[in-house]
Amino acid sequence: MNILAATEVQGTTNTVELTNAIGKLHQGIAEVIRGKDQVITDFLTAIVAGGSILLEDLPGVGKTTLCKTFAQLVDLQFDRLQCTPDLLPADVFGFSVYNAQDGSFTFRPGPIFCNVLLVDEINRASPRTQSALLEAMAERQVTIEGSSRRLNAPFLVVATQNPSGFQGTYPLPEAQLDRFLFHMNIDYPDHASEVELLYGQSHTDSTSKPAVIDAASLLQIQQQVQRVEVHRDLADYMVRIVSATRQDDRLQIGSSPRGSQMLFRASQAAAFIAGRDHVLPDDIQHVAPLTLAHRVVAKRMAHARHSAKRALIQDILIKTQVPA
């Protein structure tokens with residue numbers, strides 16, 4: 001039974017119950033991904049905000065496991081796309097098959113027609129195939145053979161990539177990076193969690209767990225997130241942070257206005273995850289590095305790494321006055 005079924009009263013849904021649903025989802029993922037509570041919280045923040053996520057880290061730290069566990073704990077249509085250099089856009093979108101008997105064409109949809117698309121090792125695909133995802137991520141639709149086709153709702157892209165410079169990888173274009181709400185790292189597990197990993201305790205079978213939310217419930221949560229109050233002074237604070245990235249001498253290109261919009265949405269989601277109906281400066285300061293670091297281009301190679309750009313955003317936050 002859906003845990004949200006009992007929360008509807010006269011057409012409204014209790015925000016506390018919605019937050020509890022996300023809490024149970026967090027708990028389910030934490031039973032598989034041990035010692036990464038903050039990573040899971042950030043991951044779910046992006047999910048309830050309705051944004052796509054880019055997970056970048058070394059192979060073997062749990063990027064794919066995190067994505068698959070999430071998909072197994074929600075009653076959503078999940079598909080996986082393993083990227084290789086010879087992957088074509090048709091492998092993502094689908095293609096028409098000719099029927100010789102009646103001379104008709106039948107469209108066979110690709111993996112993108114799902115709710116949650118895991119794009120594994122996205123930077124191993126060619127730039128042409130990477131760019132094919134832009135329309136889907138930005139407009140929730142794809143254009144195939146001259147016709148636009150709407151994607152399922154909700155639609156989320158969770159992409160993983162190895163650090164740039166690994167053999168057989170292509171850098172993601174800036175336009176595509178700008179479509180991701182969060183650019184996250186998982187990092188190595190702590191000592192105790194890695195010991196448990198050796199005994200298989202951190203690989204609890206999530207397929208036996210009941211789904212926590214379904215597509216309708218997730219859409220309901222995403223709509224509730226949009227109702228989280230943001231004081232105008234805090235909106236001004238967000239814009240000043242983003243504007244500072246355009247004026248910083250260490251950066252060649254600052255964040256686009258989409259960065260302001262994404263920061264606004266992510267801050268609402270962070271407040272919702274925390275069980276509040278209003279945004280605090282702490283919410284903005286926490287999500288700003290996750291939201292903005294991949295949208296800026298550094299002038300010097302020393303600042304080009306993602307971790308260095310996140311440090312730059314942190315420095316900008318320190319220098320930007322917080323509203324009273």
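Scroll up a little and you will see the structure.
What this report covers is the structure whose coordinates are included nearby.

Let's shift gears to the overall build of the protein chain. A tally of regular secondary structure across the protein chain gives 13 helices and 15 strands. Each principal axis of the C-alpha distribution contributes one length, and for the protein chain these read about 70 × 50 × 45 Å. For the protein chain, the exposed area adds up to about 15700 Å²; of that, 50% sits on carbon and sulfur atoms. Positive and negative charge centroids in the protein chain, built from 29 and 34 side chains respectively, lie 5 Å apart.

The residue Asp 42 is located in helix H2 (residues 37-49) in this model. Measuring from C-alpha to C-alpha, the distance between Asp 42 and Glu 174 comes to 22 Å, with 132 residues separating the pair along the chain. Leave out the neighbours within four places in its chain, and Asp 42 touches Phe 182, Met 184, His 286 and Leu 290. Side chain to side chain, Asp 42 and His 286 meet in a polar contact 2.8 Å long.

Attention shifts here to the pairing of strand E10 (residues 147-150). As paired strands, strand E9 (residues 141-144) and E10 are joined by four bridges and run antiparallel to one another. Looking at the pairing, Val 142 lines up with Arg 149 of E10.

Once that is clear, we can look at unusual backbone geometry. In this structure, the amide linkage connecting Ala 153 to the following residue, Pro 154, adopts the cis form with an omega of 0 degrees. Tracing the sequence through the fold places Pro 154 in the loop between E10 and strand E11 (156-161). A positive phi is found at Glu 121, a non-glycine position, where the angle reads about 55 degrees. Phi at Arg 140 takes a positive value of approximately 55 degrees, unusual for a residue other than glycine. With respect to the secondary-structure elements, Arg 140 resides in the loop between helix H6 (134-139) and E9.

Right, let's get into the packing of aromatic side chains. Inspection of the entire model under this criterion finds two aromatic pairs. Where Phe 43 meets Phe 70, the ring centres are 5.6 Å apart and the plane angle is 75 degrees; that geometry is what we call edge-to-face. Of this pair, Phe 43 sits in helix H2 while Phe 70 is found in helix H3 (residues 63-73), placing the two residues 27 residues apart along the sequence. Under the relative-accessibility criterion, Phe 43 is labelled buried at 0%.

Here we come to the nonpolar core. By size, the foremost hydrophobic cluster in this structure holds 63 residues, and its most contacted members are Leu 25, Ile 29, Phe 43 and Phe 70. A per-element tally of this core places H2 first, with eight residues. Not counting residues up to four positions away in its chain, the partners in contact with Ile 29 are Ile 40, Leu 44, Leu 66, Thr 69, Phe 70 and Leu 73. Core analysis: the second largest hydrophobic core is formed by 27 residues, Val 92, Ala 125, Leu 172 and Leu 177 among them.

Here we take up the pattern of salt bridges. Taken as a whole, this structure holds nine salt bridges when the rule is applied. When the shortest N-O distance is used, the salt bridge between Lys 319 and Asp 315 registers 3.1 Å. Here the residue Lys 319 and the residue Asp 315 both occupy positions in helix H13 (residues 306-319), the gap between them amounting to four residues, near one helical turn. Residue class for Lys 319 comes out exposed when judged on its relative accessible area of 63%. Through salt bridges with shared partners, a single network forms among Asp 248, Arg 250, Asp 315 and Lys 319.

Our focus in this paragraph is the sheet that holds E11. Across the sheet, five strands lie side by side as E5-E8-E11-E3-E12; this open sheet has parallel pairing. Of all strands in the sheet, those bounded by a partner on one side alone are strand E5 (78-82) and strand E12 (180-184). On average, adjacent strands in this sheet sit at an angle of 15 degrees to one another, irrespective of strand direction. As judged from the four bridges shared by strand E3 (residues 52-56) and E12, these two strands associate in the parallel manner. Note on E12: the bridge partner recorded for Leu 54 is His 183. Each of E3, E11 and E12 is contacted by H2, which is oriented at about 170 degrees to E12, the strand it contacts most.

Okay, the pairing of E3 next. When you tally the buried positions in E3, you get five out of five residues, the bulk of the element. With burial as the criterion, each face of E3 is covered, one bearing Ser 52, Leu 54 and Glu 56 and the other bearing Ile 53 and Leu 55. Summarising the sheet, E3 and E11 pair through four bridges and their orientation is parallel. Bridge pairing in E11 places Leu 54 opposite Ala 159.

What counts as what
Residues numbered from 1 in each chain as written. Predicted model: local features only at pLDDT ≥ 70, side-chain atom pairs only at ≥ 80, totals over all residues. Heavy atoms only, no water. Helix = DSSP H or I, 4+ residues; strand = E, 2+ residues; numbered from the N terminus. Areas by Shrake-Rupley, 256 points an atom, 1.4 Å probe, with all protein chains shown as cover. Lys, Arg positive; Asp, Glu negative; His and termini not counted. Charge placed at Lys NZ, Arg CZ, Asp CG, Glu CD. Contact = heavy atoms within 4.5 Å. Polar contact = N/O pair within 3.5 Å; in protein donor to acceptor, adjacent residues only side chain to side chain. Pairing = 2+ DSSP bridges. Phe/Tyr/Trp six-rings, centres within 6.5 Å; stacked < 30°, edge-to-face > 60°. Buried < 20%, exposed > 50% of the residue type's maximum accessible area, 1.4 Å probe, protein only. Core = buried A, V, L, I, M, F, W, Y, C linked by side-chain atoms within 4.5 Å. Salt bridge = Lys/Arg side-chain N within 4 Å of Asp/Glu carboxyl O. Axes fitted to C-alpha atoms, helices over the stretch in contact; angles between N-to-C directions.

These figures come from the coordinates and say nothing about function on their own.
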